[in-house]
Amino acid sequence: MEYKLTQSVQEEALKTLEEWIAIPSVLDESASETPFGEDIQRMLERALATCESLGMKTYIDPEGYYGYAEMGQGEELFGVLCHLDVVPVGNPSDWTNDPFKMIRTSDALYGRGTQDDKGPSIAALYAFKALLDQGYELNQRVRFIFGTDEETLWRCLNRYNEKEEAVTMGIVPDSAFPLTYAEKGLLQLHLVGPGSKDFHISNPGAFNVVPDKAAYQGEFAEDLAKELDKKAYKYELDGDHLTVKGVSVHSKDSLDGDNALSHLIEALSTKVDHPILKFVADTLAQDVTGEKIFGKVEDEDSGKLTCNVANLEINDHESKLGLDLRIPVKTDKDQLVKTLSDFAKDYELSYQEFDYLASLYVPVDSELVTKLLAVYRELTGDMTEPISSGGATFARTMKNCVAFGALQEGVEDTMHQVDEHMPLKNFYETMEIYANALKALITK
């Protein structure tokens, strides 16, 4: 039977979300007393205080890496994996309102964290509270686990897994409906080679973003423009300053982007003899799937491998190319690394790993997936098949976990963007879905 939330629990959830948004929980590693900054520590303490007010027992890691709140009895442990850190706001003047003051309009909630991930976390937490208020009894222990470093290196959940009990199954309210059952492996690395006394270039950039601009300044600017014209690549030329233009997307969606740095390197390779430029021109400039290095790498569950050329540095002492690979769930990472390392040696380049997250795969016929899908479909009428993704959520940190909401079909994804917001209808409907899903999974 469908469970309906009351207006009082909806309003209580919004009041708490307003309190959470007001804490600017952005990474600050300059703080000496806490691993990720005083604001993140304050946010973690605030979240646990919220849970205590709901009658849950809480624990905070003495070092400040994570915390959790628990209720129930039994050997089985159901987890709800949330994160409390948010990305920086950029220039606050670009926002219509204060990013750390939740603005509630007639149809949306505005503020940093409303979509990622404070809004969905609150929706899950107060859906759980609603079940308790109505007298539902738990059939196992339920633990809300709060990470504090999701937007960077996941040191929070890595520390949790070193010290704490694993969940039996769980959900992560940090993606999209209906649910994500497969997430590609994420491998970020540098290929390092010789420096150059004659040629320098610096194009820094985040691993997980396809560059939409790539800059060059020097004597080859006009010649490079001619090379770019041959390929119909876009650019701006101002004297000896050249800026190549592309289309930026998250690197998980590299197939949909247009990599400005790859275009610049391809043009440069015609004028500058350097192994790192030749490597890209030969392999990745025209093909983000890496087929010329690895052959065809794909599977039915998660699609093709992608490889984003993310950043480049060539100076007197060394050259360094940053690559972001999204690896199909059934591909062996070690074999992939060996293939790349052996291939790169022919270009005088060596492999240096920066970060790796193993893939996620929970079979679509598992108890967790089938129950979640059944609830979602009954409530919404949406028969969309579960999702495979190149993105990364906390679900991959533990076995038998999937990302479940909160972004709905047709809702604008404003995560990490100026004027981040969550439609009020999306928030309320997500609470309904979570309440019914938890009822099906964790109550007697």
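See the structure shown above.
To keep things clear, this report deals only with the structure shown in the data block. (Residues numbered from 1 in each chain as written. Predicted model: local features only at pLDDT ≥ 70, side-chain atom pairs only at ≥ 80, totals over all residues. Heavy atoms only, no water.)

## Comments concerning the layout of surface pockets
For step 1, the next point in the chain: When its volume is computed, the largest pocket comes out at roughly 1200 Å³.
For step 2, the next point in the chain: Along the walls of the largest pocket sit 36 residues, with N208, H250, K252, A392 and H416 positioned nearest its centre.
For step 3, the next point in the chain: The set of elements that each furnish at least two residues to the lining of the largest pocket consists of strand 8 (175–176), strand 9 (180–183), strand 10 (185–194), strand 19 (350–357) and strand 21 (387–389).
For step 4, the next point in the chain: Of the residues belonging to the lining of the largest pocket, the class tally is 13 nonpolar, 13 polar and 10 charged.
For step 5, the next point in the chain: Looking at which domains feed residues into the lining of the largest pocket, each of domain 1 (7–183 + 360–442) and domain 2 (185–357) supplies at least three.
For step 6, the next point in the chain: The volume enclosed by the second largest pocket comes to roughly 210 Å³.
For step 7, the next point in the chain: For the second largest pocket, the lining is made up of 14 residues, of which V86, V87, P88, E151 and H416 are closest to its centre.
For step 8, the next point in the chain: Taken together, the residues of the lining of the second largest pocket sort by class into 7 nonpolar, 4 polar and 3 charged. (1 Å grid on protein atoms, 1.4 Å probe; cavity = no way out; pocket = protein on both sides within 12 Å on 5 of 7 lines; lining within 4 Å. Points joined across faces, edges and corners; volume = space filled by probe spheres on them. Helix = DSSP H or I, 4+ residues; strand = E, 2+ residues; numbered from the N terminus. Nonpolar A, V, L, I, M, F, W, Y, C, P; charged D, E, K, R; others polar. Domains from an automatic or database assignment.)

## Topic: helix 11 (residues 424–442)
For step 1, the next point in the chain: For helix 11, built from 19 residues, the straight-helix expectation of 27 Å at 1.5 Å per residue is met to within 8% by its first-to-last C-alpha distance of 27 Å.
For step 2, the next point in the chain: Within helix 11, 15 of the 19 residues are buried, which leaves it mostly tucked inside the rest of the structure. (Expected span 1.5 Å × (residues − 1). Buried < 20%, exposed > 50% of the residue type's maximum accessible area, 1.4 Å probe, protein only.)

## Section: the pattern of salt bridges
For step 1, the next point in the chain: Counting across every chain of the model gives 30 salt bridges.
For step 2, the next point in the chain: One salt bridge connects K330 with D301, and the closest N-O pair in it is separated by 3.0 Å. Taken together, the residues K330 in the loop between strand 18 (318–327) and helix 9 (333–345) and D301 in the loop between strand 15 (298–299) and strand 16 (303–304) connect sequence positions 29 residues apart.
For step 3, the next point in the chain: Residue classification places K330 among the exposed residues on the basis of a relative accessible area of 58%.
For step 4, the next point in the chain: Judged by relative accessible area, D301 falls into the buried class, the value being 14%.
For step 5, the next point in the chain: One connected set of salt bridges, linked through shared partners, spans E70, R141, R143 and E165. (Salt bridge = Lys/Arg side-chain N within 4 Å of Asp/Glu carboxyl O.)

## Some words on the environment of M169
For step 1, the next point in the chain: Looking at the element boundaries, M169 is found in strand 7 (residues 169–172).
For step 2, the next point in the chain: A C-alpha to C-alpha distance of 22 Å links M169 and G119, two positions 50 residues apart in sequence.
For step 3, the next point in the chain: Setting aside residues no more than four positions away along its own chain, M169 makes contact with L77, F78, G79, E367, L368, N400, C401 and L441. (Contact = heavy atoms within 4.5 Å.)

## Here we look at the nonpolar core
For step 1, the next point in the chain: Counting 86 residues, the largest nonpolar core has F128, F144, F146, L372, F404 and F427 as its most contacted members.
For step 2, the next point in the chain: The greatest single-element share of this core, amounting to 11 residues, is contributed by helix 11.
For step 3, the next point in the chain: Both of domain 1 (7–183 + 360–442) and domain 2 (185–357) provide at least three residues apiece to this core.
For step 4, the next point in the chain: Non-local contacts of L372, meaning those with residues more than four positions away in its chain, are made with I171, L179, V402, F404, A437 and L441. (Core = buried A, V, L, I, M, F, W, Y, C linked by side-chain atoms within 4.5 Å.)

## So, the pairing of strand 9
For step 1, the next point in the chain: Sheet analysis places strand 9 next to strand 21, joined by 3 bridges and oriented parallel. Looking at strand 21, one finds that T180 is bridged to I387.
For step 2, the next point in the chain: Two elements, strand 9 and strand 20 (residues 360–361), share 2 bridges in a ladder whose sense is antiparallel. Each bridged residue has a counterpart across the sheet, and for A182 the counterpart in strand 20 is Y361. (Pairing = 2+ DSSP bridges.)

## Quick look at empty space enclosed by the protein
For step 1, the next point in the chain: Taken as a whole and assessed by the stated rule, the structure comprises 2 cavities of 30 Å³ or more.
For step 2, the next point in the chain: Of the pockets and cavities examined, the largest cavity occupies roughly 40 Å³.
For step 3, the next point in the chain: For the largest cavity, the full set of lining residues is W95, T96, N97, D98, P99, K101, I103, Y110, G111 and D419.
For step 4, the next point in the chain: Split into classes, the residues belonging to the lining of the largest cavity amount to 4 nonpolar, 3 polar and 3 charged.
For step 5, the next point in the chain: Put simply, the second largest cavity is a space of about 30 Å³.
For step 6, the next point in the chain: Residue classes in the lining of the second largest cavity are distributed as 5 nonpolar, 3 polar and no charged.

## Examining the sheet that holds strand 17 (residues 306–314)
For step 1, the next point in the chain: With antiparallel pairing, the 5 strands of this open sheet are ordered in space as 11-17-18-10-19. The open sheet terminates on both sides in strands that have one partner only, identified here as strand 11 (201–203) and strand 19. The mean angle between the axes of side-by-side strands here comes to 25°, regardless of whether they run parallel or antiparallel.
For step 2, the next point in the chain: Bridge count between strand 10 and strand 18: 10 bridges; the pairing is antiparallel. Each bridged residue has a counterpart across the sheet, and for G185 the counterpart in strand 18 is I327.
For step 3, the next point in the chain: Strands strand 11, strand 17 and strand 18 of the sheet are contacted by helix 6 (residues 260–268), whose axis makes an angle of about 60° with strand 17. (Axes fitted to C-alpha atoms, helices over the stretch in contact; angles between N-to-C directions.)

## Overview of the sheet that holds strand 4 (residues 103–104)
For step 1, the next point in the chain: Overall, antiparallel pairing links the 3 strands, which are arranged 4-5-24 in an open sheet. Edge strands, defined here as strands with exactly one partner in the open sheet, are strand 4 and strand 24 (421–423).
For step 2, the next point in the chain: Two elements, strand 5 (residues 108–110) and strand 24, share 3 bridges in a ladder whose sense is antiparallel. Directly across from L109, in strand 24, lies its bridge partner M422.
For step 3, the next point in the chain: Relative to the sheet, helix 11 contacts strand 4, strand 5 and strand 24, its axis offset from that of strand 24 by approximately 70°.

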